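Coordinate inspection notes
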Amino acid sequence: MRVLLVGSGGREHALAWKLAQSPSLGELHAAPGNPGIARHARCHPIRAEDAEGILDLGRALDVDLVVVGPEAPLVAGLADALRGLGVPVFGPGRRAAAIEGSKSFAKEVMEAAGVRTAAPLPEARAPCVVKADGLAAGKGVFVCRSQTDVDAALLALGPDTEILVEELLEGTEVSVFAVCDGRTALPLVPAQDFKRAFDGDEGPNTGGMGSFAPVSGIGEAVLEELVSEIHRPVLAELEARGMPFVGLLYAGLMVTDDGPFVLEFNCRFGDPETQSVVPVVEGDLLEALAAAASGELAGLGLGTAGRAAVTVVLAASGYPAEGDRGSPIRGVDECEVSGALVFQAGTALRGERLVTNGGRVLAVTGVAESVGAARAAAYAGVERIECAALRFRSDIALDAAEGTPALGSGGARTD
Ligand code: AMP
Ligand code: GLY
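In this convention, every chain numbers its residues from 1, walking through the sequence in written order. Lettering of chains starts at A and numbering of ligands starts at 1, both following the order in which they are written. Reporting in this predicted model follows two pLDDT cut-offs: at least 70 for local features of residues, and 80 or more for side-chain atom pairs to be given and counted; totals over whole chains, interfaces and linings ignore these cut-offs and use all residues. Calculated side-chain values reflect all of the structure's heavy atoms, with hydrogen atoms and water omitted.

Right, let's talk about the site of ligand 2 for a bit. Inspection of the region around ligand 2 gives Asp193, Lys195, Gly207, Tyr250, Asn266, Arg268, Gly270, Asp271, Pro272 and Glu273 as its neighbouring residues. A distance of 2.6 Å is found between a nitrogen atom of ligand 2 and a side-chain nitrogen or oxygen belonging to Asp193. Definition of a polar contact: a pair of N or O atoms within 3.5 Å, with one able to donate and the other able to accept a hydrogen when the atoms are protein atoms, and with sequence-neighbouring residues admitted only if both atoms are side-chain atoms. In the model, a nitrogen atom of ligand 2 is placed 3.3 Å from a nitrogen or oxygen of the Gly207 main chain. Calculation of accessible area relied on Shrake-Rupley with a 1.4 Å probe; when residues are assessed, cover is drawn exclusively from the protein chains displayed. Relative to its unbound accessible area of 200 Å², ligand 2 is 91% covered by the protein chains. Here a residue counts as near a molecule or strand whenever at least one of its heavy atoms sits within 4 Å of it.

The next point concerns the site of ligand 1. Lys131, Leu169, Glu173, Lys195 and Glu264 are the nearest of the 16 residues found near ligand 1. In this structure, an oxygen atom belonging to ligand 1 sits 3.3 Å away from a side-chain N or O atom of Lys103. Compared with its free state, where it exposes 460 Å², ligand 1 has 95% of that area covered by protein. Counting residues per element, the ones that place at least two in the shell around ligand 1 are strand 6 (128-132), strand 7 (141-144) and strand 16 (259-266). Only Asp, Glu, Lys and Arg are considered charged, only Ala, Val, Leu, Ile, Met, Phe, Trp, Tyr, Cys and Pro nonpolar, and every remaining residue, Gly among them, polar. Its residues assigned to classes, the shell around ligand 1 comprises eight nonpolar, one polar and seven charged. Here a helix means four or more residues in a row that DSSP labels H or I, a strand means two or more in a row labelled E, and each is numbered from the N terminus.

Right, let's talk about the nonpolar core for a bit. To form a nonpolar core, buried Ala, Val, Leu, Ile, Met, Phe, Trp, Tyr and Cys residues must be joined to one another through side-chain atoms within 4.5 Å. Think of it in three bands: residues with accessible area under 20% of the maximum for their type are buried, residues over 50% are exposed, and the middle band is partly exposed, with areas taken using a 1.4 Å probe on protein chains only. Core analysis: the biggest nonpolar cluster contains 78 residues, and Ile99, Val234, Phe245 and Phe265 have the highest contact counts within it. With eight residues, helix 8 (residues 220-240) is the largest single contributor of residues to this core. Here Phe245 is in contact with Pro92, Ala96, Ile99, Cys180, Asp181, Gly182, Leu235, Leu238 and Cys267, once residues within four sequence places are set aside. Contacts: residue pairs with any heavy atoms within 4.5 Å of one another.

Further remarks concern the sheet that holds strand 7. Through backbone hydrogen bonds, the strands of a sheet pair up, either in parallel or in antiparallel fashion. Spatial strand order, 7-6-8: three strands in an open sheet with antiparallel pairing. Each of the sheet's edge strands pairs with one partner strand only, and the pair in question is strand 7 and strand 8 (163-166). Neighbouring strand axes in the sheet, compared pairwise and without regard to direction, differ in orientation by 15° on average. Pairing between strand 6 and strand 7: four bridges, direction antiparallel. Across the sheet, Cys128 pairs through a bridge with Cys144, a residue of strand 7. For two strands to be treated as a pair, DSSP must find at least two bridges joining them. Axis lines are fitted to C-alpha atoms, over the contacting stretch for helices. Their N-to-C directions set the angle, which ranges from 0 to 180 degrees.

A few words on the sheet that holds strand 9 (residues 172-181). A sheet is described by the order of its strands in space; here four strands give the open sequence 10-9-15-16, paired in antiparallel fashion. Of all strands in the sheet, those bounded by a partner on one side alone are strand 10 (185-187) and strand 16. On average, each strand axis in the sheet is inclined to that of its neighbour by 35°, with strand direction left out of account. Where strand 15 (residues 246-256) lies against strand 16, seven bridges are found, and the strand directions are antiparallel. Each bridged residue has a counterpart across the sheet, and for Thr256 the counterpart in strand 16 is Gly259.

Shape descriptors only; they carry no functional weight alone.
Here it is, written out as C-alpha cells:
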C-alpha cells in the first residue's frame, strides 16, 4: 500500500512510526512531515492546509490511502476533495468534521443521539465553562470557578467571538478514540491527557503537555460500554443525516460521580494521547485505517499489548503563548538509546542540526509493563534531552503511577 500522511506534529510522527511497522505498507509519504517523520517517510514540502497541493501530490503519487492528522484540513473539506478524485481517505468529510469544528453542531448531534453532555447555561455566571464556538486548538475554553475567571475569559475571547456557556463538570477526564468506517466503531486503548501548562494542573489550557494509557478502571468491558453509549449513537446519527463519519472519532469525556459526560468530540487523533496510545496498540493499525477508509471495518480487531505508555511533552518556555525557533536540540539519540521513544513535533533542521520550530517541540514516550515503569522510562529519556529553550511538566501520570485510582469514587466502574 502506498500511503500519504498529512500533518507535521508529534501525533503524525507517532502514526508514521506505527504505520512503518505494518507488513502491508509499501511506501510512506508525508506532507509536510518533520525531521522525525522523515525517518519513516518521504516528506514533501506541502502544508496540510494547502488542499490543492495535497490533491496534486495524492494524484502524482497515485496513493492507495491518505491519512489526515490535523483537524483544520478536515473541517475545510480536504477529505471530500480527495474522495472526489477516488482516493480512499482516513478522515471525515467537511460536514461530519463539524462535530469538532462547531461546538453547537456537536451539541445538537449529541442531543439527537441521546448522548449526555454538559448542560448549556443561559449566561456566563460562575461556576461555568466559557467556550469559543469554533476551532481553537484546545485554547478557546475557559473553566471559570469565580466571576473574576468569567471576566478574564470574556476579555480574552473578545466581543466578536461566538461563545457557548455550559455547566462545569467535575470528575476525571478520559480520551476515548475509536476508528470508524461510518457505521462501525473500533475503540483504541483509553488515554488521559494533561491540558494545563504547569504542574498541579495550573496555568492556561494548552494543546496538551503529556498523556498516558491505559487508564485504570476502564478495562475492555467498560470501554465497550462507553463506545456503545457514545460513539455508536453519534455514528448512527451522522449517517442518518447523510454525513457518515469515516476517521477517528475522539470523545473527550468527564467521568463524574454520575457517570460519563462528553466534553467534546474531535474528528482526528488526539495530540499527545496518540503518542501514548499507538505504542500500546497491538496489531496492524494501517490495516484498520485502510479498512475504515473503504467501509470494511466490521469484524476487525486491534488488541492492546498489555503494556502502558507515558508521554511527556517538551514545549517552548513561552508555550502556549509563544513558540521558539532556532534553538539547538541535543540528546535525541541518547534519549532513544535509553529506551524511550522520541516523537518530534515543532522541530526543524538547520543544516545537520536539529532546532526548535514551534510550541510543542518533542514528545518523549516511555513504554513498559506498568504506568509507573513507563513514567520512569519517559522521564529518564527527558533527562537526556538538552535544550535551554524547552520546559516540561514533572507530574505527568504521577497519580496513576502511584496507584491513585484514575476514576472518582462514583465513576469507578470496573469490569
Ligand atoms: P474542550 O476543548 O471542550 O475539550 O475543553 C478543553 C478542556 O476544558 C477540557 O479538556 C476540560 O479540561 C475543560 N472543560 C471543557 N468543558 C468542561 C466542562 N463542562 N466542565 C469542566 N471542564 C471542562
Ligand atoms: N490532547 C487534546 C487534543 O488533541 O485535542
